[in-house]
Amino acid sequence: MRGRFFALEGIDGSGKSTQLELLARRLEQAGFPCLTTCEPTAGPIGSLLRQVLTGQIPCDSRVVAPLFTADRLDHLLNGENGLCRAVERGLTVLSDRYYFSSYAYQSVDLPLEWVIEVNRPCAQLLRPTATVFIDVSPELALARIAQNRERTELFETEDRLTRTREQYLKAFELEKGREQVILIPGDRDVETIASDIWSTISTFLSPGA
Ligand code: ADP
Ligand code: TYD
């Protein structure tokens with residue numbers, strides 16, 4: 001059987017990576033072997049993007065958006081550990097960010113429809129079984145980031161995260177009918193959120209689902 005593909009989304013500091021690990025553990029316990037991964041990737045294009053995100057390489061937003069798409073296509077197609085093949089082999093794939101991150105972050109500076117169009121090849125190759133959006137306020141997200149890191153990245157300002165959250169909500173509205181999106185309130189304790197995510201994800205796991 002083809003594996004399922006779940007993308008975790010949210011603004012920086014929303015708790016995606018924490019929940020991804022907990023979800024992978026629950027899936028493995030339920031007998032679903034998982035591949036956990038993230039974007040930007042650790043590959044060559046992802047590494048270039050990390051330098052853009054830390055401000056080491058200045059780059060126009062019209063260049064940054066297709067770079068995220070190129071990194072995503074490599075994530076899907078690369079011969080070593082491409083997600084398309086992993087899903088075909090029956091693995092359950094969990095990704096910390098996928099194309100809704102581009103829809104939300106890149107559309108702060110660019111038209112949302114254009115960003116969606118640039119990512120169309122990714123949607124055609126692999127559409128998530130479901131996208132889990134962990135919703136937190138920018139204030140809470142920044143407080144969490146500040147507690148754990150010395151430096152913040154390019155998009156980690158309150159104004160930027162506020163606009164990014166708004167763009168996420170706009171993108172979900174625009175893609176309603178094409179995409180399965182699960183909204184999870186993220187301002188609760190880790191275990192409550194994990195149980196909430198599990199109860200929805202588990203409905204997608206039966207062979208007929
Ligand atoms: P993201 O991957 O979305 O950036 P993380 O999972 O790395 O978010 O979480 C950011 C920080 O907030 C981490 O230090 C993490 O331990 C903490 N954190 C995550 N979820 C919660 C939660 N529900 N309540 C309080 N702190 C949390
Ligand atoms: P990430 O390392 O996931 O940050 P965090 O763990 O803090 O959420 O992502 C790095 C940054 O890259 C983050 O600010 C979001 C941004 N990003 C985009 O702008 N577009 C994209 O398509 C992706 C995947 C990430």
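First, a word on scope: everything that follows refers to the structure included in this document. (Residues numbered from 1 in each chain as written. Chains lettered and ligands numbered in written order. Predicted model: local features only at pLDDT ≥ 70, side-chain atom pairs only at ≥ 80, totals over all residues. Heavy atoms only, no water.)

Observations regarding the overall build of the protein
When helices and strands are tallied, the protein shows 10 helices and 5 strands. Radius of gyration (C-alpha) of the protein: 16 Å, near the 17 Å computed for a compact globule of 209 residues. Taking the principal axes of the C-alpha coordinates as reference, the protein spans close to 45 × 40 × 30 Å. Burial statistics for the protein: of 209 residues in total, 48% are counted as buried. Sequence separation of at least 24 residues holds for 77% of the intrachain contacts in the protein that already meet a minimum separation of 6. Accessible surface computed for the protein: about 10,100 Å², of which carbon and sulfur atoms make up 52%. (Helix = DSSP H or I, 4+ residues; strand = E, 2+ residues; numbered from the N terminus. Rg over C-alpha atoms; globule rule 2.2 N^0.38 Å. Buried < 20%, exposed > 50% of the residue type's maximum accessible area, 1.4 Å probe, protein only. Contact = heavy atoms within 4.5 Å. Areas by Shrake-Rupley, 256 points an atom, 1.4 Å probe, with all protein chains shown as cover.)

Here we look at the packing of helix α3 (residues 61–77) against helix α5 (residues 99–106)
Interaxial distance between α3 and α5 falls to 10 Å at its minimum, and their mutual angle equals 175°. If you check the angle between α3 and α5, you find them roughly antiparallel. Residues V64, A65, F68 and R72 of α3 touch α5, and the partners they reach there are Y99, S102 and Q106. Residue composition of the contact of α3 with α5, by class: 4 nonpolar, 2 polar and 1 charged. (Axes fitted to C-alpha atoms, helices over the stretch in contact; angles between N-to-C directions. Parallel < 35°, antiparallel > 145°, perpendicular 65-115°, else oblique. Nonpolar A, V, L, I, M, F, W, Y, C, P; charged D, E, K, R; others polar.)

Regarding the state of the cysteines
Going through the model one piece at a time under the given rule, you end up with 0 disulfides. Free of any disulfide, C38 has its nearest neighbouring cysteine sulfur in C34, separated by 15 Å. (Disulfide = S-S within 2.5 Å.)

Focus: α3
Helix length check: α3, at 17 residues, gives a terminal C-alpha distance of 24 Å against a target of 24 Å (1.5 Å per residue), a fit within 8%. Capping the start of α3, D60 holds a side-chain oxygen 2.8 Å from the backbone nitrogen of R62, two or three residues further along. (Expected span 1.5 Å × (residues − 1). Polar contact = N/O pair within 3.5 Å; in protein donor to acceptor, adjacent residues only side chain to side chain.)

Quick word on the side chain of T92
When you line up the elements, T92 lands in strand β3 (residues 92–96). Relative accessible area serves as the criterion here: at 2%, T92 is assigned to the buried category. Those residues in contact with T92 that sit more than four places away from it in its chain are R4, F6, L27, F32, P33, C34 and L35.

Describing the nonpolar core
The biggest cluster of nonpolar side chains holds 40 residues, and the ones touching the most others in it are Y98, Y103, L126 and Y168. Apart from the residues lying within four places of it in its own chain, the contact partners of Y98 are F5, A7, E9, E39, R72, L76, C122, L126 and P128. (Core = buried A, V, L, I, M, F, W, Y, C linked by side-chain atoms within 4.5 Å.)

Details of the sheet that holds strand β4 (residues 130–135)
Ordered by their spatial adjacency, 5 strands build an open sheet running β2-β3-β1-β4-β5, and the pairing between neighbours is parallel. The strands lining the two open edges of the sheet, one partner per strand, are β2 (34–38) and β5 (181–185). With direction set aside, neighbouring strand axes in the sheet form an average angle of 20°. Across 4 bridges, strand β1 (residues 5–9) lies against β4 in parallel orientation. Its bridge partner being in β4, E9 is matched across the sheet by F133. Each of β1, β4 and β5 touches helix α10 (residues 190–201); the most contacted strand, β5, lies at about 160° to it. (Pairing = 2+ DSSP bridges.)

What to know about the site of ligand 2
By nearness alone, 17 residues border ligand 2, and D12, R72, R97, S102 and Q106 come closest of all. Residue D12 places a side-chain N or O atom 2.7 Å away from an oxygen atom belonging to ligand 2. Here Q106 contributes a side-chain N or O atom positioned 2.8 Å from a nitrogen atom of ligand 2. Coverage of ligand 2 by the protein chains reaches 91% of its 550 Å² of free accessible surface. Mapped onto the shell around ligand 2, the elements with two or more residues apiece are α2 (44–53), α3 and α5. Ranked by residues supplied to the shell around ligand 2, first place goes to α5 with 4 residues. For the shell around ligand 2, a count of residues per class yields 5 nonpolar, 3 polar and 9 charged. (Near = heavy atom within 4 Å.)

A word on the packing of aromatic side chains
Counted according to the given criterion, the structure contains 11 aromatic pairs. Pairing F100 with Y103 gives two aromatic rings, centres 4.9 Å apart and planes at 70°, and the pair type is edge-to-face. Of this pair, F100 and Y103 both sit in helix α5, 3 residues apart, roughly one helical turn. Given a relative accessible area of 1%, F100 falls into the buried group. Their ring planes at 65° and their centres at 5.1 Å tell us that F133 and F172 sit as a pair that is edge-to-face. Of this pair, F133 sits in strand β4 while F172 sits in helix α9 (residues 158–174), placing them 39 residues apart in sequence. Residue class for F172 comes out buried when judged on its relative accessible area of 9%. Joined through ring pairs, the aromatic side chains of F5, Y98, Y99, F100, Y103, Y105, F133, Y168 and F172 make up one cluster. (Phe/Tyr/Trp six-rings, centres within 6.5 Å; stacked < 30°, edge-to-face > 60°.)

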